[in-house]
Amino acid sequence: MLRGTCVALALAGAVSAQDEGSTPEVFEKVDPYTRGKSDLVDRAGYVSMGPFQIAESLDTPEVEEVLGGLHVLWVETAHFRLGSLLQSYRRGTDDLEEKKLAGELARLAKSLPRVRKDVRELDPWLRMHLYAQRLEEQYAEFQRLAGVKDADFAPSSSAPPSSAPSGERRDMGPGPYLGNERKFVVLLTERSSQLQRFARRWIGPEESSWYRARLPGGAWFFGAPAEVTQKMGTTLDSALHALVASGLTYELCDGLRGSQRIQPLWLKHGLGLDFGRAAEPRWCVHVPRESTEPDDKTWQWEPRLNALVANDFVAPWHEMLEWKDGRKLEARDHMTAWSRVAWLEETDPKAFTALILAMSAPPSVPAGDPAPGEAKPGAKSPLEAAYGKTPEQLDEAWRKWVRRKYPRK
């Protein structure tokens, strides 16, 4: 599946209902969509709406205290613990986002009947529910790509997967959440300063635009502020969704099978960009647009890549495999990683699944031997084993595909 292909649509601006620096928004203390009733919470597929523990010796009241007493909206889903400080968002006339939100609200209304599919202002509670749905939908899609399901993972470190036949699905990790014992944690804030308060307390002193980390006890964490997309030149909720989808992919990749090993940068970054462009193809924090004008087409990566390949201005595949620091990547590198991962997935989905699982294999070799996902001397790499081609052969095939499939400028 190649998620990034689409046509240009109007870029009319939806606006945030609250400007930076204003007083905190006043909203209902009790969720108006479940009304705090257990039957409606259950129907929505939620485990809890707080308070609850999000990591080892870290609970939701303590987070709110560190954030200066702010009231955070919390929800625990099947696989996530989500906190949201997002403010109300007024839908505009952006065609692409309107179509996206219409579908999302229709799906959400099936589990939360009090949701109006035609609502024009998304209040903080509704935005929380939307992101809870988005997280679970991405989790399900990631499981599909990795060829796994909940039953493949042990409910605890002492119990084997109930559905795994003897000798199969071994080494899938000690817990039920892609092999982890703790659920994934996501924190969305309106302002960068709010998220940085959390980060200084539980992640580290270095400031960042968004955060990926391991919380106490090993919980995988991703946090992002809406302010990041505003600095990009847009207030679209879909742009924030793209950032969340892209960043969360790192945590899902690195946490798969509870291996706690860092997946190759090119693979998780390319897949993250693919998920991000599925949410919103026009705004990417890694590849700036030339302008914010509606007629700007630089968000359309396909013709740009066609030209880059034609002029041999992309990194060779073997060089991409060695990438270690995402901060050193240029715009063409981001687009190249996205396209190559999307091509691998589209060319042979079964091989792509085999690649993801091979890359996430937990350690099973003596110290000093190659790390999981790396080939022993003389052996094929996981990439070559999955696709039956060397990096040079894959590069040649991908370049031909780009020239044939992607439009020219």
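So, a few notes on the structure that sits alongside this text.

Quick notes on the rules
Residues numbered from 1 in each chain as written. Predicted model: local features only at pLDDT ≥ 70, side-chain atom pairs only at ≥ 80, totals over all residues. Heavy atoms only, no water. Phe/Tyr/Trp six-rings, centres within 6.5 Å; stacked < 30°, edge-to-face > 60°. Helix = DSSP H or I, 4+ residues; strand = E, 2+ residues; numbered from the N terminus. Buried < 20%, exposed > 50% of the residue type's maximum accessible area, 1.4 Å probe, protein only. Lys NZ or Arg CZ within 6 Å of the ring centre and 35° of its normal. Pairing = 2+ DSSP bridges. Axes fitted to C-alpha atoms, helices over the stretch in contact; angles between N-to-C directions. Contact = heavy atoms within 4.5 Å. Expected span 1.5 Å × (residues − 1). Arc of directions from axis to C-beta. Parallel < 35°, antiparallel > 145°, perpendicular 65-115°, else oblique. Left-handed = near helix turned anticlockwise from the far one by under 90°. Nonpolar A, V, L, I, M, F, W, Y, C, P; charged D, E, K, R; others polar.

1. Some words on the packing of aromatic side chains
Inspection of the entire model under this criterion finds 11 aromatic pairs. Ring geometry for Phe80 and Tyr139: centres 5.7 Å apart, planes at 80°, overall edge-to-face. One end of the pair, Phe80, is in strand E5 (residues 80-84); the other, Tyr139, is in helix H4 (residues 124-146), with 59 residues separating them in the sequence. Given a relative accessible area of 1%, Phe80 falls into the buried group. A relative accessible area of 1% means that Tyr139 is categorised as buried. Between Phe80 and Phe184, the aromatic rings sit 6.1 Å apart at their centres with planes inclined by 45°, giving tilted as the arrangement. Taken together, the residues span a long stretch of sequence, with Phe80 in strand E5 and Phe184 in strand E8 (residues 184-189) at a distance of 104 residues. Taken together, the ring pairs connect Trp301, Trp338, Trp401 and Tyr406 into an aromatic cluster. The ring of Trp301 is capped by Arg277, whose NZ or CZ atom sits 3.9 Å from the centre of that ring.

2. What to know about the sheet that holds E8
An order of E4-E5-E8-E10-E9 is seen for the five strands of this open sheet, with the pairing classed as mixed. The outermost strands of the open sheet, each flanked by one partner alone, are strand E4 (73-76) and strand E9 (211-214). Recorded for the sheet is a direction-independent mean angle of 15° between the axes of neighbouring strands. Two elements, E8 and strand E10 (residues 220-225), share five bridges in a ladder whose sense is parallel. Pairing of Val185 across the sheet is with Phe221, part of E10. Against the sheet, H4 makes contact with E4, E5 and E8, and its axis sits at roughly 150° relative to E5, the strand it touches most. On top of the sheet, helix H5 (residues 192-202) reaches E8, E9 and E10; it is set at about 155° to E10, its chief contact.

3. Observations concerning helix H3 (residues 95-111)
End to end, H3 covers 25 Å across 17 residues, agreeing with the expected 24 Å (1.5 Å per residue, within 8%). Buried within H3 we find Glu97, Glu98, Lys100, Leu101, Glu104, Leu105, Leu108, Ala109 and Ser111. Down the axis of H3, the sector holding all buried residues measures 165°, keeping them to one side. For H3, the exposed residues lying more than 90 degrees away from the buried face are Lys99 and Lys110. Where the residues of H3 are buried, they touch helix H1 (38-43), strand E6 (89-90), strand E7 (121-122), H4, helix H7 (237-255) and helix H8 (265-279).

4. Concerning H5
Residues spaced three or four apart along an α-helix face the same direction, because each turn holds 3.6 residues. If you check which residues of H5 are buried, you get Ser192, Gln194, Leu195, Gln196, Phe198, Ala199 and Trp202. Looking at the residues trailing H5, positive phi occurs at Gly204, about 160°.

5. A few points about the packing of H7 against H8
Helices that pack against each other are described as a pair by the angle of their axes relative to one another and the distance between those axes. Close contact between H7 and H8 brings their axes to 7 Å; oriented N to C, the two are set at 150°. Between H7 and H8, the angle falls in the class roughly antiparallel. For the pair H7 and H8, the sense of crossing is right-handed. In this structure, H7 contributes Ser238, His241, Ala242, Ala245, Ser246, Thr249, Tyr250, Cys253 and Asp254 to the contact, and H8 contributes Leu265, Lys268, His269, Leu271, Gly272, Leu273, Phe275, Gly276 and Ala279. Looking at the contact of H7 with H8, its residues break down into nine nonpolar, seven polar and two charged.

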